[in-house]
Amino acid sequence: MKKQKEHQEKKRVVILGSTGSIGRQAVEICAHYQDRLEVVGLSAHSNAELLASQAAFLNVKNTALTTKDGPQALVELALSHEPDIVLNALVGAAGVQVSYEVIKTQTTLALANKESLVVAGELIMPYVESNQLLPVDSEHAALFQCLVGEDVKEVANLWITASGGPFRARKRQDLTKVTQAQALAHPNWSMGAKISIDSATLMNKGLEIIEAHHIFAIPYSNIKVVQHPQSCIHSLVEFVDGSFMAHLGVTDMRIPIQYALSYPKRWPAAFSPASLDLCELGSLDFHAPDSETFGCLRLAREAGEAGGTLPCVLNAANEVAVDAFLDGRIGFLDIERIVESCLTSHSRQDASSLELILEADAETRLKADELCAKLKKGG
Ligand code: NAD
Ligand code: MG
C-alpha cells in the first residue's frame, strides 16, 4: 500500500459523492479537521451548486460533476491527485468501477458504497491488501473495530444488527398500501432516499450480509442478523471461545466516517453530543428478523450464497424497483416481486470480469424496467 509521505502531515482525501448524505457529513469532518485532512477532490452527480460551494469552502481545485463529465471522470478524479484515501460515498452500482480501480492502484478506500462489494466483491476482494479497505457502513465499521488485533479464524459468527426500519413488527398485509413518505421515515438514521427504502424492505440488511461476507471472508452460514430496534449496538463478533464483542455508539454516521479517515488513530468526535447515555437508554431489545414479511432479506442471502452474477442482478433489479417506488410507479411489495422475478429468470454466470458484470447489470435494468411498466399498467 502507498505509504503516506513522511514530510506530509495531512492525509490527502478524495470524497466521491460529496453532495449526498454521507458525503456532506464527510465534508463536515474534513472542515473540522483541516489541520489533519486535506481534501484534494470532490464529485457530485447533480447538485452543481452545492459542489461548487463545498469546493470553495474547503479550497478544493479538482471537482467532477458526473452527469456532465461521465463515469470515467470519477476514476480520474479519484486517482490523479495522489490521494492517501478515497471515500466512495456514491449510491448504487455507479460506485463499482471506481472502487475496483482505486483498490487496484493500492490506494486506501473508505467504502460507504456497499453496492461495490455486492455487485463485484468477488472481483475486487482478491486485490485488497491488509487494511486497504476501511468500511464506513456502520455495521461493518463496528465489526472491523471488534476485529482489530483479532484473528478472523477465531470468529464463530458475525452478528449484524438491524433496526427493522419503519415497518418493524408489521405483517405483509399491512405493507400493501404503504406510501413513499412512510417508507422514507427511518426511525433511527437520517440517510439518502435509496438506502432508506432499502432499510424499509430489509434489502439493506441483505446487502450488508453480502458486504460482510466479502470484507471479512466469513461464510454466509456464519453471518447472522439480529433485530435490535434501538440501533445502539452497531454489530457484534462472536468468537469461538463464546466471547462476544460489541460496538456501541450513538446513531450518527459521522463516527464511522471519521474513524475511516483517522484510522488507525482515533480523534475526538467532530460533533457533539457523540457520547451514548447508557442510563438514559435503560434497556436493549433483540429479536429474530421476519424474513417471511421482508422477503428481500431472504432473496439477498440466497443471491449472495449463489454468487457469480446473481448478487449483481439482485442489486440492479432493486435499484430500478426502488426508483420506480419512489416515483410512485409501483407499490412497496412490488420491489420484492421485481427482484425475485429478475433473479429467477437470470442464468448465473461466474463473475469473471467487470465487463461481464456490468453487462448483467444493464440487462437486468432493462428487464426490471419492463416489469415496472407491466405492473403499472396492471394497476
Ligand atoms: P445519497 O443519495 O444521499 O448521495 C449519493 C451521492 O452520490 C450524491 O453525491 C450524488 O450526487 C452521487 N450520485 C448519485 N448517483 C450517481 C451516479 N449515477 N454517478 C455518480 N454519482 C452519483 O446517498 P447516501 O445515503 O449518502 O449513500 C451513499 C452510499 O453510502 C450508499 O451506498 C449507501 O448504501 C451507503 N450508506 C449510507 C448511509 C447513510 O447514512 N446515508 C449509511 C450506511 C451506508
Ligand atoms: Mg448499515
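The model shown is predicted, which means the values in this text are computed figures rather than measured ones.

## Things to note about the site of ligand 1
Neighbouring residues of ligand 1: 22 residues in total, closest Thr19, Ser21, Ile22, Glu115 and Gly192. Gly17 places a polar main-chain atom, nitrogen or oxygen, 3.2 Å from an oxygen atom of ligand 1. Leu90 places a polar main-chain atom, nitrogen or oxygen, 3.4 Å from an oxygen atom of ligand 1. Burial of ligand 1 by the surrounding chains reaches 87%, relative to a free accessible area of 830 Å². Counted by class, the shell around ligand 1 contains ten nonpolar, nine polar and three charged residues.

## Some words on the sheet that holds strand β1 (residues 11-16)
Strand order in the open sheet formed by six strands is β3-β2-β1-β4-β5-β6, and the pairing between neighbours is parallel. Sheet topology places β3 (63-65) and β6 (133-135) at the edges, where each strand pairs with a single neighbour. For this sheet, the mean angle separating the axes of adjacent strands, direction not counted, is 20°. Here strand β2 (residues 37-44) runs beside β3; their pairing, made up of three bridges, is parallel. Bridge pairing in β3 places Ala44 opposite Leu65.

## Things to note about the coordination of the magnesium ion (ligand 2)
Listed as protein donors to the magnesium ion (ligand 2) are Asp137 (OD), Glu139 (OE) and Glu208 (OE); their distances from the metal cover 2.0 to 2.2 Å. Counting along the primary sequence, the residues that act as donors to the magnesium ion (ligand 2) give the motif D-x1-E-x68-E. A residue pair is termed long-range when its members are at least 10 positions apart, and Glu139 in helix α7 (residues 138-146) and Glu208 in helix α10 (residues 203-216) qualify at 69 residues. The pair formed by Glu139 and Glu208 is uniform in burial state, with each residue classed as buried.

## Notes on the packing of helix α13 (residues 295-306) against helix α14 (residues 310-326)
Two elements in contact, α13 and α14, have axes separated by 7 Å at closest approach and are oriented at 150°. For the element pair α13 / α14, the angle class is roughly antiparallel. Judged by residue contacts, Leu299, Ala300, Ala303, Gly304 and Ala306 of α13 engage Leu310, Pro311 and Leu314 from α14. Per-class residue counts for the contact of α13 with α14 are seven nonpolar, one polar and no charged.

## Here we look at the packing of helix α9 (residues 193-201) against α14
As a packed pair, α9 and α14 sit with axes 10 Å apart at the nearest point and diverge in direction by 100°. Here α14 runs roughly perpendicular to α9, going by the angle between their axes. Along its contact with α9, which presents Ala193, Lys194, Ile197 and Asp198, the element α14 presents Asn315, Asn318, Glu319, Val322, Phe325 and Leu326. Of the residues assigned to the contact of α9 with α14, the class counts are five nonpolar, two polar and three charged.

## Some thoughts on helix α5 (residues 96-104)
Looking at α5, one finds that the buried residues are Val96, Val98, Ser99, Tyr100, Val102 and Ile103. One or two residues past the end of α5 sits Gln106, with phi positive at roughly 65°.

What counts and what doesn't
Residues numbered from 1 in each chain as written. Chains lettered and ligands numbered in written order. Predicted model: local features only at pLDDT ≥ 70, side-chain atom pairs only at ≥ 80, totals over all residues. Heavy atoms only, no water. Near = heavy atom within 4 Å. Polar contact = N/O pair within 3.5 Å; in protein donor to acceptor, adjacent residues only side chain to side chain. Areas by Shrake-Rupley, 256 points an atom, 1.4 Å probe, with all protein chains shown as cover. Nonpolar A, V, L, I, M, F, W, Y, C, P; charged D, E, K, R; others polar. Pairing = 2+ DSSP bridges. Helix = DSSP H or I, 4+ residues; strand = E, 2+ residues; numbered from the N terminus. Axes fitted to C-alpha atoms, helices over the stretch in contact; angles between N-to-C directions. Donors = N, O, S within 2.8 Å, 3.2 Å for Na, K, Ca; no water. Buried < 20%, exposed > 50% of the residue type's maximum accessible area, 1.4 Å probe, protein only. Parallel < 35°, antiparallel > 145°, perpendicular 65-115°, else oblique. Contact = heavy atoms within 4.5 Å.

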